[in-house]
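The residues making up each chain are set out below.
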Amino acid sequence: MSKISILPASRLRNFAALVTNELGVQVRLRGKSIQVRLTKPPVIFLPDMEGAKESELLPIYGFCLHEAGHIRYTNRKIGADIPNYLVKLVHNAVEDEYIERMLERDFPGARAMLALAYREGIQAVFGDEPIVETTSWLSDDRRPDLIAEMTKLGLDSADAALVEDFSKRVEIIRVAKLWILEQRRYPLPQYDWPTHPWHSVFEDETRPRARNSRQAFEQALRIIERLAVKPCLPGDTRPIEEARAKSKEASQREAEAKEALRAILKAKRDRNADIREQLERSDERKVLIEARKALRSATVVATDAIQKLEKASQRLTRAEKSGARLRERLEVSRKAQSDLSQRIADASDDEIGLQQQAANLSERISRLEADLERSQQRIHTLREEEQTASAASAAAADAFDQAKTNETLARKAHDEMARTVRNEIRAKHAPVIDPLAADAKTKAMSAEHAVSEAKAATEEIERKDSETEEQIAPGAMEKAVSIIWERFRNESADKELEEILSSGCDDDAPTKGTNDSRRIVASALAGPSRKYCVLDRSVQRQSFLRPTTIRFPGSPGQRSLR
């Protein structure tokens, strides 16, 4: 029987796939924090908490959904032209309400995840402290605090009009937080917001609810206009035009630097063309070309002569070895003839057979002598060929050495002449090239400086935009996720295993045999998922433990195996 698998895919990976399928936003697991990369397409990176408890993951789900909502529903072009951070702040509050409402519509279960993430973030940042001032900045009781804040920011607290504008400016931050708490129905105190004089303004100007980023922006503008709130904090102005002007200046200076670079490259090409023309017309150049041609020809001749000499030497060696073998065979035959003659002289009978052997041996000696004569003639001819090839090779080597020497002398003369020509032509073109080079260097440095300033201005806007968008609890997501990650990393698997094994067991139930195994499996299936064993809650206890019908071979009936 095959083993029963109770290890499904990680909940976090399933959630990432669900967000991708439902909202079209790429979600991946990596690292230990939540990061958003606004590439094409945008990607949300969640902490790699494979197999964590569901209670740990629910806040992660909410943070991820909020970021996915901005990617899915927010039109970032709308916020690009916002003139100041006051409008940016109010628009972000209305925009957050809009995207979370869209998430509830398109992603079932989003509300609970968002609420839990909100509570975790608030708890991580503020602890038991209130996230919103309990008293309105518009009240007379807050006037000393108001003056203290203005003094801290370097504002003139003696100017009654400025004090009034400042109180509205800081109050709208407080009110924006309370408005989100009310609209999203988060379980936190709203203090004086239900009776606040600005309550009706927010209600009127946000009805009907925004259905896109453009409408959210227009609602924010109307709220600010009706409340007559002015941007009066230091740095309230959002330097969009300045950043664009710097970016435009950087682009212009980059174009000027490229044009200056093209000019100096053209001047250098003209100078190099002049140098090439002078060199090609010189006598030294012609002599060098002829010397190189002669060297290439001498190289070919010398290589061919060496190859011919090697082949002649190989043929002579083979002929000498063949002559030596013939000479050895002739000596052996002559010795055999001498021995046979002695036998004939001493023989008393059977002389006819010995005479025949002597005749055959004499004929063989004659053939070997003739072959040896021809071999000696061939060796003599091959020696003459080798001597001729050796002389030709030596002559070719001498010609090659002479050609190489001539090429070296020609090259040195050409190089000396080329240095002289280059120096003269560079001096001739220097009045044109040197100013162009200085101008190109100056413009390149200016373009680099302008690009750096434009980049710094853009990054500063993005930094302050990010701070403004986190109006309720700056850094809440980072702090909350960091706390969750530390809890996840420090969890004890042994402790969780004990909880699993004890969470479904009945002390009165049988404790032996299959019943004990069922109690352990049932308790495991009923418990929450763990990092070491991600259990699938879709496997129901009763379906897993119901009777299984098995047909035994050769049996007319069926039996239930429990």
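Structure first, text after, so check above.
Note that the structure is predicted; figures quoted are calculated from it, not measured.

## Concerning the nonpolar core
And step 1. Ranked by internal contacts, the top residues of the largest apolar core, which has 70 residues, are Phe 15, Val 19, Leu 23, Ile 44, Leu 46, Leu 65 and Ile 172.
And step 2. No other element matches helix 3 (residues 85–106), which puts ten residues into this core.
And step 3. The residues touching Ile 44, leaving out its near neighbours within four places in the chain, are Val 25, Gln 26, Val 27, Arg 28, Ile 34, Gln 35, Val 36, Cys 64, Glu 67, Ala 68 and Ile 71.

## Considerations on the pattern of salt bridges
And step 1. The tally for this structure, following the rule as stated, stands at 35 salt bridges.
And step 2. A salt bridge links Arg 374 to Asp 371; the shortest N-O distance between them is 2.0 Å. Note that Arg 374 and Asp 371 are positioned in helix 11 (residues 351–469) at a spacing of three residues, about one turn of the helix.
And step 3. Overlapping salt bridges, with partners in common, bring together Glu 100, Glu 104, Arg 111 and Arg 184 in one network.

## Here we look at unusual backbone geometry
Among all residues save glycine, negative phi is the norm, and among peptide bonds the norm is trans.
And step 1. Here Lys 40 and Pro 41 are connected by a cis peptide whose omega angle stands at 0 degrees.
And step 2. Inspection of the secondary structure assignment puts Pro 41 in the loop between strand 2 (35–37) and strand 3 (43–46).
And step 3. Following Arg 207, the chain continues to Pro 208 via a peptide bond in cis, the omega torsion being -10 degrees.
And step 4. Within the secondary structure, Pro 208 sits in the loop between helix 7 (199–205) and helix 8 (213–227).
And step 5. One non-glycine residue, Arg 185, lies in positive phi territory at about 55 degrees.
And step 6. Here Arg 185 shows up in the loop between helix 6 (160–184) and helix 7.
And step 7. The phi dihedral of Tyr 191 is positive, around 55 degrees, even though this residue is not glycine.
And step 8. Here Tyr 191 lies in the loop between helix 6 and helix 7.

Rules used in this analysis
- Residues numbered from 1 in each chain as written.
- Predicted model: local features only at pLDDT ≥ 70, side-chain atom pairs only at ≥ 80, totals over all residues.
- Heavy atoms only, no water.
- Core = buried A, V, L, I, M, F, W, Y, C linked by side-chain atoms within 4.5 Å.
- Buried < 20%, exposed > 50% of the residue type's maximum accessible area, 1.4 Å probe, protein only.
- Helix = DSSP H or I, 4+ residues; strand = E, 2+ residues; numbered from the N terminus.
- Contact = heavy atoms within 4.5 Å.
- Salt bridge = Lys/Arg side-chain N within 4 Å of Asp/Glu carboxyl O.

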